[in-house]
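Spelled out from the first residue to the last, the chains are:
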Protein chains: 2
Amino acid sequence: MPQYSPPLRDMQFVMHEVLKVTDELKPIAKYADADVDTINAILEEGGKFASEVILPLNVSGDEEGCKLDPVTHAVTTPKGFKEAYKKYVEGGWPALSGDPEFGGQGLPLVVNQCFYEMLNSANQAWTMYPGLTHGAHAALHSHGTDEQKKTYLHKMTSGEWTGTMCLTEPHCGTDLGLMRTKAEPQPDGSYKITGNKIFISAGEHDMAGNIIHLVLARVTDAPAGIKGVSLFIVPKFLVNADGTLGERNGIYCGGLEHKMGIHGNATAQIVIDGAIGTMVGQPNKGMQGMFVMMNAARLGVGNQSLGLTEVAYQNALAYAKDRIQMRSLSGPKAKDKPADPIIVHPDVRKMLLTAKAYAEGGRALAIYCTVLLDKEHYHPDEKVRKDSGEILSLLTPIVKAFLTDNGHISTNACMQVFGGHGFIKEWGMEQFVRDNRINMIYEGTNTIQSLDLLARKVLGNNGATLKKFGKLIGALVAEEGVNEKMAEFINPLAYLADQMTKFTTELGFKGFQNADEVGAAAVDYLRVAGHLVFGYFWARMAQVALQEIAAGNTDSFYLAKLQTARFYFAKLFPETATLMRTARSGSKVLMDTDAALA
Amino acid sequence: MPQYSPPLRDMQFVMHEVLKVTDELKPIAKYADADVDTINAILEEGGKFASEVILPLNVSGDEEGCKLDPVTHAVTTPKGFKEAYKKYVEGGWPALSGDPEFGGQGLPLVVNQCFYEMLNSANQAWTMYPGLTHGAHAALHSHGTDEQKKTYLHKMTSGEWTGTMCLTEPHCGTDLGLMRTKAEPQPDGSYKITGNKIFISAGEHDMAGNIIHLVLARVTDAPAGIKGVSLFIVPKFLVNADGTLGERNGIYCGGLEHKMGIHGNATAQIVIDGAIGTMVGQPNKGMQGMFVMMNAARLGVGNQSLGLTEVAYQNALAYAKDRIQMRSLSGPKAKDKPADPIIVHPDVRKMLLTAKAYAEGGRALAIYCTVLLDKEHYHPDEKVRKDSGEILSLLTPIVKAFLTDNGHISTNACMQVFGGHGFIKEWGMEQFVRDNRINMIYEGTNTIQSLDLLARKVLGNNGATLKKFGKLIGALVAEEGVNEKMAEFINPLAYLADQMTKFTTELGFKGFQNADEVGAAAVDYLRVAGHLVFGYFWARMAQVALQEIAAGNTDSFYLAKLQTARFYFAKLFPETATLMRTARSGSKVLMDTDAALA
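Residues numbered from 1 in each chain as written. Chains lettered and ligands numbered in written order. Predicted model: local features only at pLDDT ≥ 70, side-chain atom pairs only at ≥ 80, totals over all residues. Heavy atoms only, no water.

K.L.:
Just checking my understanding: could you explain the nonpolar core for this structure?
P.N.:
If you look at soluble globular proteins, the nonpolar side chains tend to sit buried side by side. One finds Trp 126, Leu 352, Leu 365 and Leu 395 of chain A to be the most contacted residues of the largest nonpolar core, which totals 200 residues. Each residue touching Leu 352 of chain A, except ones within four places of it in the same chain, is listed here: Tyr 313, Ala 316, Leu 317, Ala 320, Ile 343 and Val 417 of chain A together with Leu 597 of chain B. Within the second largest apolar cluster, 199 residues are counted, among which are Val 229 of chain A together with Met 351, Tyr 368 and Leu 476 of chain B. (Core = buried A, V, L, I, M, F, W, Y, C linked by side-chain atoms within 4.5 Å. Buried < 20%, exposed > 50% of the residue type's maximum accessible area, 1.4 Å probe, protein only. Contact = heavy atoms within 4.5 Å.)

Set out below in structure tokens:
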């Protein structure tokens, strides 16, 4: 059974020593009280909740899965899930970063971010039930009417009710313009909705009193394609004027998917049979609210893989210290034992450090993004709001795709450390691999993320946003360029940043002549951009570590950070050499393949 | 439910047009009758057997798994496995390449290789039951006494009995020197064996009349470590002098592992409780026979991933042509449909071609190795025997590790083509990923393979064997270096071959000073070597294709081959740029990490 120790020290390092989040958020009046001690104390408790209440349900939830009663359409979640959710609600955890107007605690988003990283480490399948609620909440908060907010947001903030995103249909996942679910206007202003949705995470369960489905559908006579799609609230139980639950609505679970992983989460086929819904936002503008949910979900999915990377690393590290097998190539190390612990082997270290470097780099990026999100919405300075929003939009597909691909690499590496035992369910390592695998697919496949990054976020404004992020790198290079101790980090970073500018311009020209050039290069481009961003944060983390060491701080945490930074730049960052080469090799070798793919 | 169409045309291309295997084997008297038509006809039937009898049991076998009766210790395999095995035996399939002295059909090994590739595509879990028998058979054939051969080999050749390899114990997998299983000499020359083995594939089942376990154990008072390990035959049922089955021996299944994949194969904990065994080969020289099994198994494991890569590719290709979603970036292609088939998207093509290029490159290498194995054992010219054996020993860890890592990349890419549907069990794609995952671990993890390659097979003789393989590349470069049409293949290959020589020398020097340098570089080195070998075979395949096209052959097979070769050199081969850089970055960043890995 996997163990988990919340990485509080590393979170504190990123939040307070590297990014100085409380300083960053100080100009936002509502965060004036959010000090370092408060944040740390909450996360310490949050870590206990994750490791003591949620973690023990991970393996059993995977084994047991969810059960659908075909007559009542009720879904039973694995043993203990419901009780843990009750504790989650009673502890006030759903409301951490919620708007106080609707009962939230009004803490900066970074608190919820770090708390959810820990929940994801403990149990991704369980965490998706409350996790999806945050996206639905955000969509209603930004696009709902006052009445809708009043009706739903208090109970979604408290966690009494959960939320879903009902987008996908059997014939349309990526291509929502093909959607068929219909919404007929009713005389009272509501809509009668009919259709079939699939792959609805947390789509039905026994953990909350109501489920607030946010459903994309097409109003009668709406224009074809994506421009005819509207967003609706379709609650499982209708809500009376006094806030009590009314009739059961015509939206139910028609089947549960049998999946590779996240068995503890109910992935529901949702049948909508004349259900009553109310529209969120304007007719045919459903994608606006949807994108609020989707952007939240994309950051959330990156956070899922961050959590899995961390927990897989911790368990592989413990195993590598404990398991003895063979002698070190450079001579016996544990002479009192019949063999050395496998951590003496260079490649075992490489597998462990891969996961560690990806976890810690991912944590820095994810926390940075949460600060941007707060600044985008609440910073008093309009330019800061605008810049924060732009940079966040650039980084969102990187968080989603780079962190989930890194999670794939890392969970597989950590499983490999266990040898044959990694393949056995008992140890829990293979579950991390299976659970992580969906993260590369849902909320927009990683290919879709790469097109979003290169075509929309980068080339869409001629690289203007990329240049804004590039300025941050430029400032760091200017600041540390003459510091010899930083050279091993700054030099490759500065080199890649230069290359990236040329590379992007080149792809822009090629893409202008042939759009398939963009599609051919995008996945490679996203990973290069991911390393550029990770390289920046790793250099900043190394900078802080070097400063502390120079100041005489003997906490081995800083030496550890420096060692991991060195590893990252020596063994992971050079992936960019191949990626730029393959991206530059263009689209012809992909597209002139009709005979090969006949 | 996945489909499968045996890739007979591609097998024929590799066997007869590229490698000309019947010409190569002509000097071996016993293969004088093995002509092209015979080989093709047998494989055509073999393909039918795999796709019609074995494939339909793949998904159901995964769902059902194996069951152990804790009282009788009997294991029941999934529904249909036993009946399919009966057909396999009745059809004479186990004996294809078996020695006629023991009832075999005496066909070249390449026939069995291609047949097993197809079985692995159809169902890896089922195929492991007969598959393990081949390794045990080979060990007995090379190291058994005449009496042992007489007693066991006829029925193992016919498939009436199956075999296993009992190596691993709970505390020793890689490090067999730690083994504890004991063998006490008995007055009649037999041994009484006691111990616990784990992870024994096909270790107990209901498909054959007897199971011939080949067990590593330590004779009383044997020297410590690997030099005190002997090999024993421990049959499930003792065999009477007349060949009939005698008493049930004290070797039974104490438990079945719950695994990530290959659910249809019984991975048994084997309790050996005073079982009667006879020694194979000399006392304390058990590793000799073990390595005969192990080398066969390593080639066999590579072949498992080759099979999975091929079947995953076929299904992803069909889905990519069928599934419509979004328009092509360069303008609508299927204007009569509401969206284009996803095969119009460059990255979908990249994922498909990755699997195709790895499957076809792997097939060429695997078939080449089988010819080497036949030449090593049976060629009349001693020098050919010696050279063949040496090159095969160099290529074996590459087949095992490179093909299984490529299988991981490919099955994951093909699953990704399906989007969310890839994560759902119903489509069968995620099973290929799970089944393939063990191939990177068992029969020596891929890290162990890389150390075997770099430390033993390359540096162990100062690169002499590598140079022998390099001469083959040199000959191709000399032959085609001035052919402009071959330049896109020959140039990168020749460049890498040059680099490889320097790179190897450099690692030799560094490793001489510090053995951890070898351990730090080995995994990267193996993948570079893998691409060098694949590059060679892809260049040879392109050469044949270009010759056919130049000669006016309009079969689109040749154009397809050329397109896939171009893809391989443009998109996969450049991985070597990063690998050489990371390998060169040395061991210090891995080993000076005690603080980071505290």
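Picking up after the structure, the text goes on.
K.L.:
What am I meant to see in the relation of the copies chain B and chain A here?
P.N.:
Superposing the two chain copies requires a rotation about an axis and a translation along that axis. Once chain B has been moved 0.0 Å along the axis and rotated by 180°, it coincides with chain A to within an RMSD of 0.0 Å. In symmetry terms, the pair is related by a two-fold rotation axis. Considering only C-alpha atoms, the residue of chain B closest to the rotation axis is Thr 578 of chain B, which sits at 2.7 Å. When the interface residues of chain B are mapped onto chain A, 100% of them again lie at the interface, so the same face is used by both copies. (Least-squares fit on C-alpha atoms with pLDDT ≥ 70 in both.)

K.L.:
Would you mind showing me how to read the UniProt feature "domain: Acetyl-CoA dehydrogenase-like C-terminal" (unreviewed entry) in chain A here?
P.N.:
When the UniProt feature table is mapped onto this chain, "domain: Acetyl-CoA dehydrogenase-like C-terminal" (unreviewed entry) is found at residues 472-593 of chain A. The span residues 472-593 of chain A is 84% helix and 0% strand, and its two end C-alpha atoms sit 42 Å from each other. (UniProt positions renumbered as here; feature names shortened; annotations may be inferred. Helix = DSSP H or I, 4+ residues; strand = E, 2+ residues; numbered from the N terminus.)

K.L.:
Can you walk me through the packing of helix 3 (residues 36-54) of chain A against helix 6 (residues 109-122) of chain A in this structure?
P.N.:
Each packed pair of helices is defined by two parameters, the angle between the axes and the distance between the axes. All names here are of chain A. Relative orientation of the contacting elements helix 3 and helix 6 amounts to 20°, with a least axis distance of 9 Å. Between helix 3 and helix 6, the angle falls in the class roughly parallel. When you trace helix 3 past helix 6, the crossing you get is right-handed. Across from Ile 39, Ile 42, Leu 43, Gly 46, Gly 47, Phe 49, Ala 50 and Ile 54 in helix 3, the residues of helix 6 making contact are Val 111, Cys 114, Phe 115, Met 118, Leu 119 and Ala 122. The residue inventory of the contact of helix 3 with helix 6, partitioned by class, reads twelve nonpolar, two polar and no charged. (Axes fitted to C-alpha atoms, helices over the stretch in contact; angles between N-to-C directions. Parallel < 35°, antiparallel > 145°, perpendicular 65-115°, else oblique. Left-handed = near helix turned anticlockwise from the far one by under 90°. Nonpolar A, V, L, I, M, F, W, Y, C, P; charged D, E, K, R; others polar.)

K.L.:
It is not clear to me how helix 13 (residues 446-458) of chain B should be interpreted in this structure. Could you clarify?
P.N.:
The sharpest bend along helix 13 of chain B measures roughly 25° and falls at Asp 452 of chain B. Within helix 13 of chain B the residues assigned to the buried category are Asn 446, Thr 447, Gln 449, Ser 450, Asp 452, Leu 453, Leu 454, Lys 457 and Val 458 of chain B. (Bend = angle between axes of the 7 residues up to and from the residue.)

K.L.:
Hey, could you run me through the pattern of salt bridges in this one?
P.N.:
A side chain with one charge can pair with a side chain of the opposite charge if their charged atoms come near. All names here are of chain B. Summed over all chains, the structure comprises 66 salt bridges over all chains. Asp 10 is paired through a salt bridge with Lys 561; the nearest N and O atoms lie 2.5 Å apart. Linking Asp 10 in helix 1 (residues 8-18) with Lys 561 in helix 17 (residues 556-572), this pair joins segments that are 551 residues apart in sequence. Of the two residues examined, Asp 10 and Lys 561, each falls in the buried class. Across the pair Arg 527 and Glu 575 runs a salt bridge whose closest N-O atoms are separated by 2.8 Å. Placement of the pair is Arg 527 in helix 16 (residues 515-550) and Glu 575 in helix 18 (residues 575-584), with a sequence separation of 48 residues. (Salt bridge = Lys/Arg side-chain N within 4 Å of Asp/Glu carboxyl O.)

K.L.:
Just checking my understanding: could you explain the interface of chain B and chain A for this structure?
P.N.:
Much of the literature gives interface size as the accessible area that the parts lose upon coming together. Counting residues at the interface gives 93 residues for chain B and 94 residues for chain A. In this structure, the salt-bridge partner of Arg 349 of chain B is Asp 594 of chain A, at a minimum N-O distance of 3.1 Å. On the surface where chain B and chain A come into contact, there are 61 residue pairs in polar contact (both at pLDDT 80 or more). Residue contributions to the side of chain B that touches chain A peak at nine residues, all from helix 17 of chain B. For the side of chain B that touches chain A, a count of residues per class yields 44 nonpolar, 28 polar and 21 charged. (Polar contact = N/O pair within 3.5 Å; in protein donor to acceptor, adjacent residues only side chain to side chain.)

K.L.:
Explain the environment of Arg 584 of chain B to me, please; I cannot follow it from the model alone.
P.N.:
All names here are of chain B. The residue Arg 584 is located in helix 18 in this model. Residue Arg 584 is classed as partly exposed on the basis of its relative accessible area of 31%. Taking C-alpha positions, Arg 584 is 8.8 Å from Glu 506, a pair spaced 78 residues apart along the chain. Every residue in contact with Arg 584, bar those within four places of it in the chain, is listed here: Gln 499, Phe 503, Glu 506 and Lys 510. Looking at Arg 584, its side chain comes within polar contact range of the side chain of Glu 506, at 2.9 Å.

K.L.:
How should I be thinking about the packing of aromatic side chains in this particular structure?
P.N.:
Where two aromatic rings form a pair, the distance of their centres and the angle of their planes describe that pair. Residues and elements named next belong to chain A. In the structure shown here, the tally under the stated rule is 64 aromatic pairs over all chains. The interplanar angle of 35° and the centroid separation of 6.2 Å between the aromatic rings of Phe 49 and Tyr 88 together place this pair among those described as tilted. Placement of Phe 49 in helix 3 and of Tyr 88 in helix 5 (residues 81-90) is noted, with a sequence separation of 39 residues between them. Both residues of the pair, Phe 49 and Tyr 88, count as buried. Between Phe 49 and Phe 115, the aromatic rings sit 6.3 Å apart at their centres with planes inclined by 45°, giving tilted as the arrangement. Linking Phe 49 in helix 3 with Phe 115 in helix 6, this pair joins segments that are 66 residues apart in sequence. You'll find Phe 49 and Phe 115 in the same group, each marked buried. Pairwise contacts between aromatic rings join Tyr 358, Phe 402, Phe 489, Phe 534, Trp 538, Tyr 568, Phe 569 and Phe 573 into one cluster. The ring of Phe 291 carries Arg 456 above its face, with NZ or CZ at 6.0 Å from the centroid. (Phe/Tyr/Trp six-rings, centres within 6.5 Å; stacked < 30°, edge-to-face > 60°. Lys NZ or Arg CZ within 6 Å of the ring centre and 35° of its normal.)

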